[in-house]
Number of protein chains: 2
Amino acid sequence: MVHHNDMSTGVQVRAAARSGTLTGQTSGLAPGFAQANLVILPAEHAPDFLLFCQRNPKPCPLLDVTAPGDPVPRRAAPAADLRTDLPQYRVWESGRLIAEPPDITALWRSDFVSFVIGCSFTFEAALVRAGVGVRHLELGQNVPMYRTNIPCAPAGRFHGPLVVSMRPMRPPDAIRAVQITSRYPAVHGAPVHLGFPEAIGIADLSKPDFGEAVPILAGELPVFWACGVTPQAVVMAACPALAITHRPGCMFVTDLRDEELAVG
Amino acid sequence: MVHHNDMSTGVQVRAAARSGTLTGQTSGLAPGFAQANLVILPAEHAPDFLLFCQRNPKPCPLLDVTAPGDPVPRRAAPAADLRTDLPQYRVWESGRLIAEPPDITALWRSDFVSFVIGCSFTFEAALVRAGVGVRHLELGQNVPMYRTNIPCAPAGRFHGPLVVSMRPMRPPDAIRAVQITSRYPAVHGAPVHLGFPEAIGIADLSKPDFGEAVPILAGELPVFWACGVTPQAVVMAACPALAITHRPGCMFVTDLRDEELAVG
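Residues numbered from 1 in each chain as written. Chains lettered and ligands numbered in written order. Predicted model: local features only at pLDDT ≥ 70, side-chain atom pairs only at ≥ 80, totals over all residues.

1. Points about the overall build of chain A
Of the regular secondary structure elements, chain A holds 6 helices and 11 strands. Compactness check: chain A gives a C-alpha radius of gyration of 18 Å against a globular reference of 18 Å for 264 residues, within 12% of the reference. Seen along its three principal axes, the alpha-carbon backbone of chain A occupies a region of about 55 × 45 × 35 Å. By the burial criterion, 49% of the 264 residues in chain A qualify as buried. Intrachain contacts of chain A at a sequence separation of at least 6 include 75% that bridge at least 24 residues. (Helix = DSSP H or I, 4+ residues; strand = E, 2+ residues; numbered from the N terminus. Rg over C-alpha atoms; globule rule 2.2 N^0.38 Å. Buried ≥ 20, exposed ≤ 12 C-beta atoms within 10 Å, placed from the backbone. Contact = placed C-beta atoms within 7 Å.)

Written out as structure tokens, the structure reads:
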């Protein structure tokens, strides 16, 4: 039996995932430690995907990239093992989901390169600390996400539209949120848009492409941030023979402090 | 005959104002040097007005406050003389405009306290440098300004609504403008509102209370900043027996560099 008060650090959350006692969402665990998206690709695709991330830093802020075959993200969590330390994984063959195992040790290959990509949990925690309400957190829901008409800069086989997350806010909070999230370029940074969803190709905010819709109240603006679902959607669309990611919500909890990722 | 290339520093602009060769607007002169609003009050009103500025730093960012009778703003421009160095002044008796002289030496009193208050020219220059279009500058107009329903925090006899300036922008530029102007808290800082004029008591953007209206194009948001007209309006409403200000547009050009006023 694992209690949440056993999960106050990245080390503890990863140990619980490794031992199999934690198999679900990581939201709210290890507060103050940065959580991350994970994309694992065979080395043949790694240079193009690395270039894709370099060209699209807002949706794909890289916290760490491993050497081929090395399961240890030496910058983000030098004592971690990416084969065992996430609660659940997704395995993709030619763009199709084929399994959701709690451990990928048996699938590991000497040519796997892992990309650890910043996640909005970090800036959401900063918003909450500043008293800026985050609707989907207040409702206990997943954030609504939308495909836009904004193309990412392509790199080799990797291309596709920017995916954004949306948080409705009153204008003074939207201004404050621009200030706060600008401090966190390593976790998507400032918003990419606010106010006019149709201007970025979103026809209906009540029908997100991923996650769950949230109500937008009178006097609130929809505020849009680049989203870590972008690189996953791009990888799936590129249909590599094999790719492994985290299961949505079951993030990799790093040893990096949220505040280490802040600038200024 | 004074040419604009003789006006590349605060020292030069002030000398031209002092000699009487410059009697008009200072916009665009001495690029890179901070320009300022001026409010001069008898010492009896100075403590309350100082407190008003302290309580309302967004509309009233103080760059300098002189000692009673001292015409030299020792922090903002230690070689300047506030009695002669502005192109034109306004003299107010009990809230009524009675004169617009080019020099106030003859009116000077040993109990006058001068308040040098940051001006949006500084952050507008930063916006333009960053490639963010500023509509009224592009049109060669004065910025549109509006009384809001947001009360300033009162201090003694000084009270009144916040006055804001408005610049229409596409959403990505509005986000960039929040980032850029947040660096300049000494010149009004980040916007106070964007998107919903009616939420701050502005019924019709085409009818500004001061300045000139500018067109707002499809897909643009109105972005509102606290404005240096606020302290002037507050002083006039308080009807002190005597007050002196700059004539609108005829600012005090300091020796402070715009970039000295930036944080981060």
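2. Quick look at the domain arrangement of chain A
Many descriptions give the size of an interface as the accessible area lost when the pieces come together. Residue and element names in this part refer to chain A. Assigned domains of chain A: these are domain 1 (4-117 + 239-261) and domain 2 (121-230). Relative placement of domain 1 and domain 2: their C-alpha centres are 22 Å apart. With 20 residues of domain 1 at the interface, the matching set in domain 2 holds 24 residues. Only strand 1 (33-42) and helix 2 (46-55) provide two or more residues apiece to the side of domain 1 that touches domain 2. Considering each element in turn, the side of domain 1 that touches domain 2 owes the most residues, 5 residues, to helix 2. (Domains from an automatic or database assignment.)

3. Thoughts on the environment of Asp103 of chain A
Summarising the element assignment, Asp103 of chain A is placed in the loop between strand 4 (96-99) and strand 5 (112-118). For the pair Asp103 of chain A and Pro87 of chain A, spaced 16 residues apart in sequence, the C-alpha to C-alpha distance is 7.9 Å.

4. Here's the deal with the environment of Pro42 of chain B
Residue and element names in this part refer to chain B. You can see Pro42 is positioned in strand 1 (residues 33-42). The class of Pro42 is partly exposed, set by 16 C-beta atoms lying within 10 Å. Along the chain, Pro42 and Leu63 lie 21 residues apart, while their C-alpha atoms are 19 Å from each other. In this view, Pro42 contacts Arg109, Asp111, Phe112, Pro240 and Leu242; residues no more than four positions away in its chain are not counted.

5. As for helix 5 (residues 171-182) of chain B
With 12 residues, helix 5 of chain B extends 16 Å between its outermost C-alpha atoms, agreeing within 8% with the 16 Å of an ideal straight helix rising 1.5 Å per residue. Those residues of helix 5 of chain B lying buried are Pro171, Asp173, Ala174, Ile175, Ala177, Val178, Thr181 and Ser182 of chain B. Looking at the packing, one finds that the buried side of helix 5 of chain B touches helix 5 (171-182) and strand 8 (193-194) of chain A together with helix 3 (121-129), strand 7 (161-169), strand 8 (193-194) and strand 9 (221-226) of chain B. (Expected span 1.5 Å × (residues − 1).)

6. Regarding the relation of the copies chain A and chain B
Between the two copies, chain A and chain B, the superposition gives an RMSD of 0.0 Å; the rotation angle is 180° and the shift along the axis is 0.0 Å. Given the turn and translation reported, the copies of this chain are related as if by a two-fold rotation axis. In this assembly the copies share their binding face: 94% of the residues contributing to the interface of chain A also contribute to that of chain B. (Least-squares fit on C-alpha atoms with pLDDT ≥ 70 in both.)

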